[in-house]
Structure formats: structure tokens, C-alpha cells
Amino acid sequence: MSRAQHRISAVVMASAGMLTAFALGNWVAAQAPPGPAAPAAYKPEEPANRGLDANLFMQSSAEYRACCYQAYNLAALRLKEATAKQPAGKLATVMDLDECVIDNAGFQAMLLRSNLAYDQRLWDMWELENADQVALIPGAKEFILVAGKLGVTVAYISNRNDKSREQTKKALARLGIPAAADGLLKLSTDTSDKTKRRQEVEREYTVVLYVGDNLRDFDEAFRCRKLDKKRPEEITQAIQERKDATDMHRDAWGDKWIVLPNPAYGEWMKPLGQGRADLDRLAPPIPGK
Ligand SMILES: [Mg+2]
């Protein structure tokens, strides 16, 4: 287990210990001096290991690797076509980082091994302390080097926290990714909506290609609307809306928008996580069976 994973495990255990202390008697809290409220415990995953197959697909299948190469081979081809048509001086490609360049398999494995659901506090810790634990998405580095050779600027728009900018830069450097100017590494300061940051790049460059694993890396039209999850018809509608938006942009896929596979997490999961009710999202039963 890595140092970062040890630290996260320690926090998970401390959280469990805190729960036990509360369960042992209210007198503990009653006698404690007033202080900041105890943080909520991390949520156990329900059902357990829900994402196991998705993560194993990413971490152990040759098929996942092939999908990544396929995406980046096509991306490189598109850049070559674009630079053959026009001078590359003001051309750019916009890339997301997590699960497009940076492989966070270690974080996902920690969640699964600890039976935990995603928690922002754990992710923040991972961002801050795991720069030496991340890996490289297959094909990403080669694509970035091709862009450099073609004279196409690479801008990164990621929802990693801007507060962990130095650690993100360290992670990229460790993966052998050429350093980007700070203005071309646009991290999240207050919102996960990337529209404004995309526009900032688009004002300075002709962006010929976007690379993402979450469709919100391309357009906010793919954002899952706010849901009342107690109303199954709303969930059905939200899922359909995202599919419809995808169909509306049918010609963009593989052209200006290159998608990396991510079955482990992302916007697509927002309408789900309803335990056994998620089974209703599967294809209807075959009549007569
Ligand atoms: Mg991503």
C-alpha cells in the first residue's frame, strides 16, 4: 500500500473509530468541550462493490487499453488533417485531465477495497497527496507529443481543484507530460461548469479538437438536470435528455470531440445509485420469460 493510500486508509479508519466513539455513549459528546461539529462519516458503498466490474474493465482489460489507443489515434489524425489545412500558429486542442491523461486507478481501488462511495474529501486528499501515485492513460502522452510536433497548443481544462495546482503539475511532470503555461492549465476555482474556461481558450485559439471522458468536457448541454430521485419518471427523462443531446451532436463524435471510455464514474451516474431500483434501468424483461 502506498504512502498516500496509507494516509487515506488512516482517515477511513479514524472515521470508523469516530462512529464507534459516538455509538459507545452520548456522554463522550456531552463531556467534550464545545468545538467544531464532527464531520459526517464517509458513506459506505451500497450495494457493496457496485463499481467493481467497471473498474476491473479499466484496470485489467486489453479492450479498455485498445479503446484509449483508438481514441488517441483518431485524435492525432484529426490534428494532422487540421494542420495540413491551415497554419498551426493559433490552433489548439483542449484536454480534460482525469481519466484522459491522468489515470486514478489507485483512488478507485482504495474506494472499492474500503467499500466506500466516492467522497469529495477523500478525492481532495488524493489530489493533494498522490502526485506520485497516478498513472498515464494509454496513448495520451504520445498524442500530446504529436500536438507539440505539429505546433498545436495543448490547453488542459480540468475540475481538479486550483488549490492543488502544484500537485497536479507535479503529477503531470512525473508522467512525462510537457509543462503547460499556467494560463493553459485551467483548474476549478468555483464551478465544475467548464464553459467559461473553454471560451477563454477559444478567444485566443482556434480549437480544433476537444478530448474528454465526461460529456460535460465538451458542452454543458450534457449536464444531468437536478433530480428528485424519488420520482422514477424524472430519472428516466434525465437519462433520455442526455442521450438526445448526444444524438443531436452526432457528427461531432470522432471529429471535433474525442471521447475516452470511463465506465467507473462521471455525469452518467448521476441519475443512478438507487440501489435495486437501478435494475429498472436495464432493458425490460423478455415477454414470456
Ligand atoms: Mg475526466
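Here the structure is shown first, and the text comes after it.
Keep in mind the model is a prediction, meaning the values are calculated, not measured.

Parameters and conventions
- Residues numbered from 1 in each chain as written.
- Predicted model: local features only at pLDDT ≥ 70, side-chain atom pairs only at ≥ 80, totals over all residues.
- Heavy atoms only, no water.
- Helix = DSSP H or I, 4+ residues; strand = E, 2+ residues; numbered from the N terminus.
- Contact = heavy atoms within 4.5 Å.
- Donors = N, O, S within 2.8 Å, 3.2 Å for Na, K, Ca; no water.
- Buried < 20%, exposed > 50% of the residue type's maximum accessible area, 1.4 Å probe, protein only.
- Polar contact = N/O pair within 3.5 Å; in protein donor to acceptor, adjacent residues only side chain to side chain.
- Pairing = 2+ DSSP bridges.
- Axes fitted to C-alpha atoms, helices over the stretch in contact; angles between N-to-C directions.
- Arc of directions from axis to C-beta.
- Expected span 1.5 Å × (residues − 1).

Visitor: Looking at this structure, how should I read the environment of Val 101?
Guide: As for its placement among the helices and strands, Val 101 is situated in the loop between strand E1 (91–95) and strand E2 (102–103). Sequence separation of Val 101 and Ala 135 is 34 residues, and the distance between their C-alpha atoms is 8.5 Å. Among residues more than four places away in sequence, those in contact with Val 101 are Tyr 72, Met 95, Asp 96, Ala 135, Leu 136, Ile 137, Ala 140, Ile 144, Tyr 156, Leu 172, Leu 175 and Ile 177.

Visitor: Just to check I follow, could you spell out the coordination of the magnesium ion for this structure?
Guide: The magnesium ion binds to the protein through Asp 96 (OD), Asp 98 (O) and Asp 213 (OD), with metal-donor distances spanning 2.0 to 2.3 Å. On the primary sequence, the residues serving as donors to the magnesium ion are separated as D-x1-D-x114-D. Note that Asp 96 is positioned in the loop between E1 and E2 and Asp 213 in the loop between strand E6 (206–212) and helix H10 (232–248), a separation of 117 residues in sequence. Note on Asp 213: relative accessible area 12%, which makes it buried.

Visitor: How do you make sense of the environment of Asn 262 when you look at a structure like this?
Guide: With respect to the secondary-structure elements, Asn 262 resides in the segment after strand E7 (257–259). Relative accessible area serves as the criterion here: at 9%, Asn 262 is assigned to the buried category. Spatially, the C-alpha atom of Asn 262 lies 9.5 Å from that of Phe 57, the residues being 205 residues apart in sequence. Contacts of Asn 262, omitting those with residues within four sequence positions, involve Met 58, Glu 99, Asp 213 and Trp 268. From its side chain, Asn 262 meets the backbone nitrogen of Ala 264 in a polar contact 2.9 Å long. Only 3.3 Å separates the side chain of Asn 262 from the backbone nitrogen of Tyr 265, close enough to count as a polar contact.

Visitor: What am I meant to see in the sheet that holds E1 here?
Guide: Note on sheets: strands pair through backbone hydrogen bonds, and any given pair is parallel or antiparallel. Taking strand neighbours across the sheet as the criterion, the five strands line up as E5-E4-E1-E6-E7 in an open arrangement whose pairing is parallel. At either end of the open sheet lies a strand with only one pairing partner, and these are strand E5 (185–188) and E7. The average angle at which neighbouring strand axes cross in this sheet is 20°, direction not considered. In this sheet, E5 lies alongside strand E4 (residues 153–161) in parallel orientation, the contact comprising three bridges. Counterpart to Asn 161 in the pairing with E5 is Ser 188. In the packing of helix H4 (residues 62–85) onto the sheet, contacts are made with E1, E6 and E7, and the angle to E6 comes to roughly 180°.

Visitor: Help me understand helix H7 (residues 140–150), please; the structure alone is not making it clear to me.
Guide: Since there are 3.6 residues in each turn of an α-helix, residues three or four apart along the chain are aligned in direction. For H7, the set of buried residues is Ala 140, Phe 143, Ile 144 and Ala 147. Along H7, the residues classed as buried sweep out an arc of 100° about the axis, all on the same side. What points out from H7, more than 90 degrees from its buried face, is the exposed set Gly 148 and Lys 149. Buried residues along H7 sit in contact with H4, E1, E4 and E6. Just past H7, the residue Gly 151 takes up positive phi, approximately 80°.

Visitor: Teacher, can you tell me more about H4 here?
Guide: A rise of 1.5 Å per residue sets the reference length of H4, with its 24 residues, at 34 Å; its end C-alpha atoms lie 35 Å apart and thus fit the reference within 8%. Looking only at H4, the buried set comprises Tyr 64, Cys 68, Ala 71, Tyr 72, Ala 75, Ala 76, Leu 79, Ala 82 and Thr 83. At its buried positions, H4 is contacted by helix H3 (52–60), E1, H7, E6 and E7.

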